[in-house]
Amino acid sequence: MITLNINQKNYEVDIDPDMPLLWVLRDVIGLVGTKYGCGVAQCGACVVHLNGEAVRSCVTKVKRADGQKVVTIEGLGLTNDHPLQKAWLEADVPQCGYCQSGQLMSAAVLLRENPNPTDQDIDDAMAGNICRCGTYLRIREAIHMAAEILRKGS
Amino acid sequence: MENSTTNLSRRSFLKSSALAGGGLMISFTWLSSFKAVAEKLNNPGLPDQWFELSGYIKITPDNIIKIYNPNPEFGQNVMTSLPMIVAEELGADWQQVVVEMGPHDSVKLGPQFTGGSNSVRMYWKPLRDAGAAARNMLMQAAAQTWAVPVEEITTKAGKLYHEKTGKSGTYGDFASKASGIPVPKGVKLKDIKGFDVIRHSKKNVEGLKIVRGKPLFGLDYKVDGMLIAMIEHPPAFGMKLKSFDASQTLKMPGIKDVFRLKMYEDDFEFGGFDTRTFNDLLVVVGTNTWEVMNARKKLITEWEPVGDRKEKVNSFGRKKEVTIPGELESSDVQYQKMRTRAKQPATVLRKDGDPEAAFKNAAQVIERTYNAPFLAHNCMEPMNFFAHVTDEKALFAGPLQAPGWVEPTLSKIFNLSPEKIEIQMTRMGGGFGRRAYGHYLVEAGLISRQAKAPVKLIYSREDDMTYGIYRPMYTATYRAALDANKNLIAFHVKGGGIPEHPVHENRFPAGAVDNYLAESWELPSNITIGAFRAPRSNFNAAAEQSFLDELAEAMGKDPIDFRLELLQRAKERPVGKNNDYDADRYAGVLELVRDKSGWNKPENRKYNRGVAAYFCHNSYAAHVVDMVTKNGEPYVERVFSAIDCGVVVNPDAATNMVQGAVVDGIGNAFYGGLTHKDGRSEQSNFSEYRIIRIHEAPKSIDVHFIENDIDPTGLGEPPFPPVFGAVANALYRNTGKRYYNQPYKNDIINRKNNIDKKAF
Ligand code: FES
Ligand code: FES
């Protein structure tokens, strides 16, 4: 039995401890905001927070999260209106939208560590997240915007 | 028009609350993200009556206006921009509009396909008509109620007014009555100058759901009791399954069944968008994706060559029989075959003047050959589809660009009339042409029928990349003849491909040169190909626009001036017939990009600048690409884009799409390519197939639209092809060398190492 705290809610799941967290979230718990893109830690579509760190859930065995805290896109921000989510809407970032959960989860860790990132910081932190639709310029813009929202405390 | 009221909203509310609880059920009645309306819909005073004014429009008594998007959404913004067109003519207040994905119902909702940059173009008139007719019905309803002439009724933001009597009411007040009024035809449309929804940027109606990770995509679709299926396809094109042993697989946890599946019978007549990459499949069915992925690894399989085969094709009425060679193809061998074939006679597609004589008499002939590999679409969401097929009916749900194209195939294969087949269109995680091919619905349906259960078929990333419908492999040789005064007197393009050629014989510079020859040839292949964002153009624009750049240099001309001179010629004294572009609009984007990029400004000389322009899908696009060297590598730092696609419905979203096309273009030009060794794809995941990443994307992409009142034309594809040419031209200025083989990053490395026999 594996115990997970996901988005501040406890779950007990009886599964193979080697199953990647991605498939536990999607197929077992039913939280499908975390996406499958490559399965081999290349695209970032599956990024979630494990004890506050960005991890690629497609290569993170669920046993590594046993008894730990997981945050997914569904739990980003207490009321799910994290400054990044607001900024993402304001900059109207998504095209197809498929990569965006992962982008947001990576960006959230960046902003927490570095509340005032430069373009270079953003490029460094976000290089693991592919957007096949090419929304990268708006991702940069939205991260700057979210940093601004945080600074103004609104 | 029938007077129909439904309880749709109550049902959709119940479905979404189930979702909020467990996240297991997903409803495809998507509401827009506007809070005010959403809150209203979630209130106990929930509207439970929708009055239908058209297949596209329903209105509640409390004036919530629901607009159905008819066309599949894959990131091109139709979910927002098509309803905007309806809302404009309806005179609706956008804040009161909720958008829902329409069902597959081409009687009510038109052709319903996403492809050929056609969505806005083909729906422009029907959606305006639908909105205008509904507004007129509401006006008639108000006029009858108030006993005033309909001509005296005005509307504004979802309300009706009669000025003389001071009467007013909402659309909702009259929705019931209006829904009983026959739909009028030929209602006068708004003057384009008076638009107040169209041309005013609206946010993506699904934005909130996307950033909150709500279930929207096919891969998120789930019903109780649903099984997961994956396909073990042959490891190489040209192979088929000989035998298998699934005993170990069946012992793995969660595995329900393993079986062999034949896609199409031998005499099956293929429709234009049917395709069988592999006809004989091995299927693993289980309860959980990861368990199925794992169990697949335990399959013991033996594969054998398919050999040559014949296929009967009936492509929208054009019947033919094609022979597909069984050879296990390798890219290097294919490349050499292309080189040999290119030297042999080809099919003449167009000939103006006397090109042979002109080349013979030329003072100088410039000849260059361009090559490009297969490209995989690599949609971010891998191919997948849900199917539940029984003897009586079939339900399909998932990401698909053209439900109407696969429906006849499903009907034939499952022996069900089209009314018994329901296809729900989910939001797609990218498409780029790949999802116009519905073979994965056939696969999912056959698996469901065999497994006697609702099934979701999922391709792994590796399946998706190695079992694709690729952009063909192309080559083209361009020749130009110059006279002693360096005037262009003849132009010749001879293009070929595996298995399709790229040549658009009536495109620029056809029409601008007295002596012109376009020829093509094709080599058959068993590697399946299909539409890829701006088919053919995505290669031509690279080759032709690089060649024109080189010509301009040889002639001592500025590359933009040279193109403008040719266009001037095509406008004033066009050569030949059927030139399919408008020289003025073509020149317009070049002039705009020259202006906006400060093409001749000295302060921009620090950049290695490349320009290209192209026409496809009825629209015009030009880019100036500013390259610099970053960490020892060529890097596109800035881009200026000028686009003429007529009226721009949703400007900010259109800008986003152009920016995305530029990034996609840079990425594919530098890195894109799928190669094969003995039929096997040499790339199978993003570790081997490089996709452009954020640090490789430009710092700025400055997009400008020509403002005119021309009915909208395509936008998803047109900005993409000329990026390749502009990158190649900038690369020349950055490195001092011309690159002829895509992807350019590989060509740069090959050139450094003096490898010239290897194509890609
Ligand atoms: S799915 Fe995990 S990184 Fe791509
Ligand atoms: S928005 Fe489509 S992959 Fe990023």
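Residues numbered from 1 in each chain as written. Chains lettered and ligands numbered in written order. Predicted model: local features only at pLDDT ≥ 70, side-chain atom pairs only at ≥ 80, totals over all residues. Heavy atoms only, no water.

1. Brief notes about the overall build of chain A
Here is step 1 of the chain: A tally of helices and strands in chain A yields 5 helices and 5 strands.
Here is step 2 of the chain: In chain A, the order of α-helices and β-strands from amino to carboxyl end is β-β-α-β-β-β-α-α-α-α.
Here is step 3 of the chain: A compact globule built from 154 residues should have a C-alpha radius of gyration of about 15 Å, and chain A, at 15 Å, falls within 12% of that.
Here is step 4 of the chain: With the C-alpha coordinates of chain A rotated into their principal frame, the extents come out at 45 × 30 × 25 Å.
Here is step 5 of the chain: Across the 154 residues that make up chain A, the buried fraction comes to 61%.
Here is step 6 of the chain: Per element, the accessible surface of chain A, about 5,500 Å² overall, is 48% carbon and sulfur.
Here is step 7 of the chain: One finds the centroid of the 15 positive side-chain charges in chain A at a distance of 1 Å from the centroid of its 18 negative side-chain charges. (Helix = DSSP H or I, 4+ residues; strand = E, 2+ residues; numbered from the N terminus. Rg over C-alpha atoms; globule rule 2.2 N^0.38 Å. Buried < 20%, exposed > 50% of the residue type's maximum accessible area, 1.4 Å probe, protein only. Areas by Shrake-Rupley, 256 points an atom, 1.4 Å probe, with all protein chains shown as cover. Lys, Arg positive; Asp, Glu negative; His and termini not counted. Charge placed at Lys NZ, Arg CZ, Asp CG, Glu CD.)

2. A short note on the domain arrangement of chain B
All names here are of chain B.
Here is step 1 of the chain: Taken domain by domain, chain B holds domain 1 (7-211), domain 2 (218-310 + 383-458) and domain 3 (473-752).
Here is step 2 of the chain: Between domain 1 and domain 2 we count 1 salt bridge in total.
Here is step 3 of the chain: Between arginine 427 and glutamate 206 there is a salt bridge, and its shortest N-O distance comes to 2.6 Å.
Here is step 4 of the chain: Put simply, domain 1 and domain 2 have 3 residue pairs in polar contact (both at pLDDT 80 or more) between them.
Here is step 5 of the chain: The residue inventory of the side of domain 1 that touches domain 2, partitioned by class, reads 12 nonpolar, 7 polar and 2 charged. (Domains from an automatic or database assignment. Salt bridge = Lys/Arg side-chain N within 4 Å of Asp/Glu carboxyl O. Polar contact = N/O pair within 3.5 Å; in protein donor to acceptor, adjacent residues only side chain to side chain. Nonpolar A, V, L, I, M, F, W, Y, C, P; charged D, E, K, R; others polar.)

3. A few points about the side chain of Glu443(B)
All names here are of chain B.
Here is step 1 of the chain: Mapped onto the fold, glutamate 443 is located in helix H13 (residues 439-451).
Here is step 2 of the chain: The charged side chain of glutamate 443 is buried without a salt bridge, its nearest counter-charge being arginine 434 at 7.1 Å.
Here is step 3 of the chain: Side chain to side chain, glutamate 443 and tyrosine 467 meet in a polar contact 2.4 Å long.
Here is step 4 of the chain: Once residues within four sequence positions are removed from consideration, glutamate 443 is found in contact with Ile231, Leu261, Met263, Leu281, Leu457, Tyr459 and Tyr467. (Contact = heavy atoms within 4.5 Å.)

4. Considerations on the packing of helix H3 (residues 100-113) of chain A against helix H4 (residues 119-126) of chain A
Residues and elements named next belong to chain A.
Here is step 1 of the chain: It is the contact of H3 with H4, at a shortest axis distance of 10 Å, that shows an interaxial angle of 125°. Our classification of the angle between H3 and H4 gives oblique. In this structure, H3 crosses over H4, and the sense of that crossing is right-handed. Contacts between H3 and H4 pair Gln103, Ser106, Ala107 and Leu110 from the former with Asp121, Ile122, Ala125 and Met126 from the latter.
Here is step 2 of the chain: Its residues placed into classes, the contact of H3 with H4 shows 5 nonpolar, 2 polar and 1 charged. (Axes fitted to C-alpha atoms, helices over the stretch in contact; angles between N-to-C directions. Parallel < 35°, antiparallel > 145°, perpendicular 65-115°, else oblique. Left-handed = near helix turned anticlockwise from the far one by under 90°.)

5. Digging into the interface of chain B and chain A
Here is step 1 of the chain: In this assembly, 62 residues from chain B lie in contact with 56 residues from chain A.
Here is step 2 of the chain: Buried surface at the junction of chain B and chain A, summed over both partners, amounts to about 4,900 Å²; 55% is from carbon and sulfur atoms.
Here is step 3 of the chain: If you sort the residues of chain B by the area they bury against chain A, Trp290(B), Met380(B) and Ile694(B) come out on top, with a joint share of 17%.
Here is step 4 of the chain: Between Glu90(A) and Lys203(B) there is a salt bridge; the shortest N-O distance is 3.8 Å. (Buried area = accessible area lost by both parts, 1.4 Å probe.)

6. Re the packing of aromatic side chains
Residues and elements named next belong to chain B.
Here is step 1 of the chain: Tallied over the full model, the rule gives 33 aromatic pairs over all chains.
Here is step 2 of the chain: Judged by centre distance (5.1 Å) and plane angle (80°), the ring pair of phenylalanine 268 and phenylalanine 270 falls under edge-to-face.
Here is step 3 of the chain: Judged by relative accessible area, which is 2%, phenylalanine 270 ranks as buried.
Here is step 4 of the chain: On the basis of an interplanar angle of 50° and a centroid distance of 5.0 Å, the ring pair of phenylalanine 508 and tyrosine 586 is categorised as tilted. (Phe/Tyr/Trp six-rings, centres within 6.5 Å; stacked < 30°, edge-to-face > 60°.)

7. Focus: the sheet that holds strand E7 (residues 159-162) of chain B
All names here are of chain B.
Here is step 1 of the chain: Spatial ordering of the open sheet is given by E6-E7-E8, a layout of 3 strands whose pairing is antiparallel. The outermost strands of the open sheet, each flanked by one partner alone, are strand E6 (153-156) and strand E8 (167-170). On average, adjacent strands in this sheet sit at an angle of 20° to one another, irrespective of strand direction.
Here is step 2 of the chain: Note: E7 against E8, 4 bridges, orientation antiparallel. The residue of E8 that forms the bridge with tyrosine 161 is serine 168.
Here is step 3 of the chain: Strand contacts of helix H6 (residues 171-178): E6, E7 and E8, with the helix running at about 80° to E8, the strand carrying the most contacts. (Pairing = 2+ DSSP bridges.)

8. With respect to the side chain of Glu291(B)
Here is step 1 of the chain: Here Glu291(B) is to be found in helix H9 (residues 289-296).
Here is step 2 of the chain: Despite being buried, Glu291(B) has no salt bridge partner; Lys256(B) is the closest side chain of opposite charge, sitting 8.8 Å away.
Here is step 3 of the chain: Non-local contacts of Glu291(B), meaning those with residues more than four positions away in its chain, are made with Met19(A), Pro253(B), Gly254(B) and Ile255(B).

9. Observations regarding the sheet that holds strand E11 (residues 255-262) of chain B
All names here are of chain B.
Here is step 1 of the chain: The strand order across the open sheet formed by 7 strands is E11-E13-E9-E22-E19-E20-E21, and the pairing between neighbours is mixed. Lying at the two open borders of the sheet, with one neighbouring strand each, are E11 and strand E21 (421-425). Going from strand to strand, the sheet's axes swing by 20° on average, the running direction of each strand aside.
Here is step 2 of the chain: Bridge count for strand E19 (residues 384-389) against strand E22 (residues 455-458) is 4 bridges, and the pairing is antiparallel. For alanine 387, the partnering residue across the bridge sits in E22 and is valine 455.
Here is step 3 of the chain: The sheet strands contacting helix H12 (residues 403-414) are E19, strand E20 (394-398) and E21, and the helix crosses E21 at an angle near 145°.
Here is step 4 of the chain: Each of strand E9 (227-232), E11, strand E13 (280-286), E19, E20, E21 and E22 touches H13; the most contacted strand, E19, lies at about 40° to it.

10. Overview of the pairing of strand E25 (residues 515-522) of chain B
Residues and elements named next belong to chain B.
Here is step 1 of the chain: With 7 of 8 residues buried, E25 is to be regarded as a mostly interior element.
Here is step 2 of the chain: By the bridge criterion, 5 bridges tie strand E17 (residues 347-352) to E25 in an arrangement that is antiparallel. Within the sheet, the bridge partner assigned to aspartate 352 lies in E25 and is tyrosine 516.
Here is step 3 of the chain: Summarising the sheet, strand E24 (residues 488-498) and E25 pair through 8 bridges and their orientation is parallel. Pairing of glycine 496 across the sheet is with tryptophan 521, part of E25.

11. A look at the domain arrangement of chain A
All names here are of chain A.
Here is step 1 of the chain: When the domains of chain A are assigned, the result is domain 1 (2-74) and domain 2 (83-152).
Here is step 2 of the chain: Domain 1 and domain 2 are separated by 21 Å when their C-alpha centres are compared.
Here is step 3 of the chain: Between domain 1 and domain 2, the buried area comes to about 1,200 Å², and carbon and sulfur atoms account for 57% of it.
Here is step 4 of the chain: Linking domain 1 to domain 2 there are 1 salt bridge.

12. Some remarks on unusual backbone geometry
Trans peptide bonds make up the majority, and among non-glycine residues the majority have a negative phi.
Residues and elements named next belong to chain B.
Here is step 1 of the chain: Cis geometry marks the peptide bond from phenylalanine 508 to proline 509, where omega comes out at 5°.
Here is step 2 of the chain: The omega angle of the peptide bond from glutamine 742 to proline 743 is -5°, so this bond is cis rather than trans.
Here is step 3 of the chain: Structurally, proline 743 is set in the loop between helix H19 (721-735) and helix H20 (744-752).
Here is step 4 of the chain: The phi dihedral of alanine 147 is positive, around 55°, even though this residue is not glycine.
Here is step 5 of the chain: With respect to the element layout, alanine 147 can be found in the loop between helix H5 (119-146) and E6.
Here is step 6 of the chain: In this structure alanine 147 comes out as exposed when scored by relative accessible area, which is 68%.
Here is step 7 of the chain: For asparagine 415, which is not a glycine, the phi torsion comes out positive at approximately 55°.

13. Some words on the pairing of E13(B)
All names here are of chain B.
Here is step 1 of the chain: The element E13 is largely enclosed, with a buried count of 7 among its 7 residues.
Here is step 2 of the chain: What you see with E13 is no split at all: Asp280, Leu282, Val284 and Gly286 on one side and Leu281, Val283 and Val285 on the other are buried throughout.
Here is step 3 of the chain: Pairing of E9 with E13 involves 5 bridges; the strand directions are antiparallel. Residue pairing across strands places isoleucine 228 opposite glycine 286, the latter belonging to E13.
Here is step 4 of the chain: Pairing geometry for E11 and E13, over 7 bridges, is antiparallel. In the sheet register, lysine 262 faces E13, and the bridge partner there is aspartate 280.

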